[in-house]
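# Tertiary structure, described
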Amino acid sequence: MIELLRNNIRQLTPYSTARDDYQGPKLDVLLDANENPYNNGYNRYPDPHQRQLKSIIAAQKGVSAEQVFMGNGSDEAIDLMYRLFCNPGIDNAVSIAPTYGMYSVAAEINDIELREVSLRADYSLDVEALLAATDSHTKLLWICSPNNPTGNAFAEDDILALLNRFPGIVIIDEAYQDFSSQPSWITRLNEFPHLVVLQTFSKAWGLAGLRCGLAFASTEICSYMDRVKYPYNINMLTQQKVMDTLQNSLQQKENQVNTIVSERKRMAQSLINSKYIRTIYPSDANFLLIQVDDAKQWYNKLISLGVLVRDRSSLKACPNCLRITIGTPEENDRVIRAFMHD
Ligand SMILES: *Cc1c(COP(=O)(O)O)cnc(C)c1O
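Conventions used here
Residues numbered from 1 in each chain as written. Predicted model: local features only at pLDDT ≥ 70, side-chain atom pairs only at ≥ 80, totals over all residues. Heavy atoms only, no water. Helix = DSSP H or I, 4+ residues; strand = E, 2+ residues; numbered from the N terminus. Rg over C-alpha atoms; globule rule 2.2 N^0.38 Å. Buried < 20%, exposed > 50% of the residue type's maximum accessible area, 1.4 Å probe, protein only. Pairing = 2+ DSSP bridges. Contact = heavy atoms within 4.5 Å. Axes fitted to C-alpha atoms, helices over the stretch in contact; angles between N-to-C directions. Near = heavy atom within 4 Å. Polar contact = N/O pair within 3.5 Å; in protein donor to acceptor, adjacent residues only side chain to side chain. Areas by Shrake-Rupley, 256 points an atom, 1.4 Å probe, with all protein chains shown as cover. Disulfide = S-S within 2.5 Å. Parallel < 35°, antiparallel > 145°, perpendicular 65-115°, else oblique.

Our focus in this paragraph is the overall build of the chain. Counting its regular elements, the chain contains twelve helices and eleven strands. For 342 residues, the compact-globule estimate of 2.2 N^0.38 gives 20 Å, and the chain sits close to it at 22 Å. With the principal axes as the frame, the chain shows a C-alpha extent of 70 × 50 × 30 Å. Across the 342 residues in the chain, those meeting the buried criterion constitute 50%.

As structure tokens, then:
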């Protein structure tokens, strides 16, 4: 994968701390980083390599700690993909459409052309069109599965075809993987050195406020991501809380995911009886994309009932579509009641 990197990144001498340069037994006087010496729990810099946290994640996910990158949200990992691989004004990336908005925002910020290839009418991948959109300057291919906002996970064979035929970096964003019955692509990392899988603590784990996202990739890609990131990108409070959650709240997370998945099913079965709803798209995520008679009207109507949803009707492939996150059973009842009213 080295040959895909930008030259400046390949040649970068990364920032290093005195605690990186020193290798030896633990010292009890730390006068190397201009910190305040008086202990208040947070007077020391956090571990820039997140070693403890990565070893826990690696063990739970069945990968090596060197195959884990931690970012300030997945958004940091998304931005880093452009910064590592794409020469501004020269290289390009390909994504599906519609999909998560950050791939295009980060492309614009980095002055990279993003070529958006429409999903088919049934929201499946158009493998040939995606490959046809690539050229010798295409460094990245973005696949969000389950996809936001359409909700569906893509067929394994289609993703495999892309992995086998596209020679650049294939990023599979699995932000919603916990809600899907399909397996994660993490298990295939060793087969595909150009695969990057994104996950996050923001959705199923219920830690959106902490800003912690994960990338799983080859040791090589992860080591370059680490060189380019801000040294202390994950603060100490976040590292501690994520560690505590991973060790003590796995069961709670699984229970919540099960409830959300069963609520998703109940919502879909209830809403399908509404005369205002035309389509409820199949979802492998923690939201439903629904097509209504008049999205703007329903968006405002729900606001008047105290409920905010996402109006996605401006997207070409989503006319009159609302994206509704699955909430608690009581919150979901509010939505169901709104649509059952005459
Ligand atoms: C919500 C979401 C994320 C999560 O982003 P964070 O920065 O980790 O909060 C990533 N990808 C997709 C597709 C999402 O919908």
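Let us now look at the sheet that holds strand E9 (residues 287–292). One open sheet holds the four strands; their spatial order is E8-E9-E11-E10, and the pairing between them is antiparallel. At either margin of the open sheet sits one strand with a lone partner, and together these are strand E8 (277–280) and strand E10 (310–311). With two bridges joining them, E10 and strand E11 (residues 321–325) adopt antiparallel strand pairing. Counterpart to Arg 310 in the pairing with E11 is Arg 323. Against the sheet, helix H10 (residues 250–271) contacts E8, E9 and E11, and its axis sits at roughly 10° relative to E9. Contacting E8, E9 and E11, helix H12 (residues 329–340) runs over the sheet at an angle of about 150° to E11.

This part is about the site of the ligand. For the ligand, the set of nearby residues contains 13 residues, the closest of which are Tyr 176, Thr 200, Ser 202, Lys 203 and Arg 211. In this structure, an oxygen atom belonging to the ligand sits 2.7 Å away from a main-chain N or O atom of Ser 74. Contact distances for the ligand include 2.9 Å between an oxygen atom and a side-chain N or O atom of Asn 148. Protein chains shield 94% of the accessible area of the ligand, which is 390 Å² for the free molecule.

One pass over the structure, following the stated rule, counts zero disulfides. Lacking any disulfide linkage, Cys 144 is separated from the closest cysteine sulfur, that of Cys 318, by 13 Å. The thiol of Cys 222 is unpaired, and the distance to the nearest cysteine sulfur, on Cys 212, comes to 14 Å.

Time to look at the sheet that holds strand E4 (residues 138–144). In spatial order, the strands read E1-E7-E6-E5-E4-E2-E3; together these seven strands make up an open sheet with mixed pairing. Strand pairing shows two members of the sheet lacking a second neighbour, strand E1 (68–71) and strand E3 (113–118), which therefore form its edges. Neighbour-to-neighbour, the strand axes of this sheet turn through a mean angle of 25°, independent of strand direction. Both E1 and strand E7 (residues 213–216) contribute to a ladder of four bridges, which runs antiparallel. When the bridges of E7 are listed, Met 70 appears paired with Leu 214. The strands touched by helix H3 (residues 51–61) are E1, strand E6 (195–200) and E7; relative to E1, the strand with the most contacts, the crossing angle is about 125°.

Now for the packing of H10 against H12. Interaxial distance between H10 and H12 falls to 10 Å at its minimum, and their mutual angle equals 10°. Between H10 and H12, the angle is such that the two are roughly parallel. Facing H10, whose interface residues are Glu 263, Arg 266, Met 267, Ser 270 and Leu 271, H12 presents Pro 329, Asn 332, Asp 333, Val 335, Ile 336, Phe 339 and Met 340.

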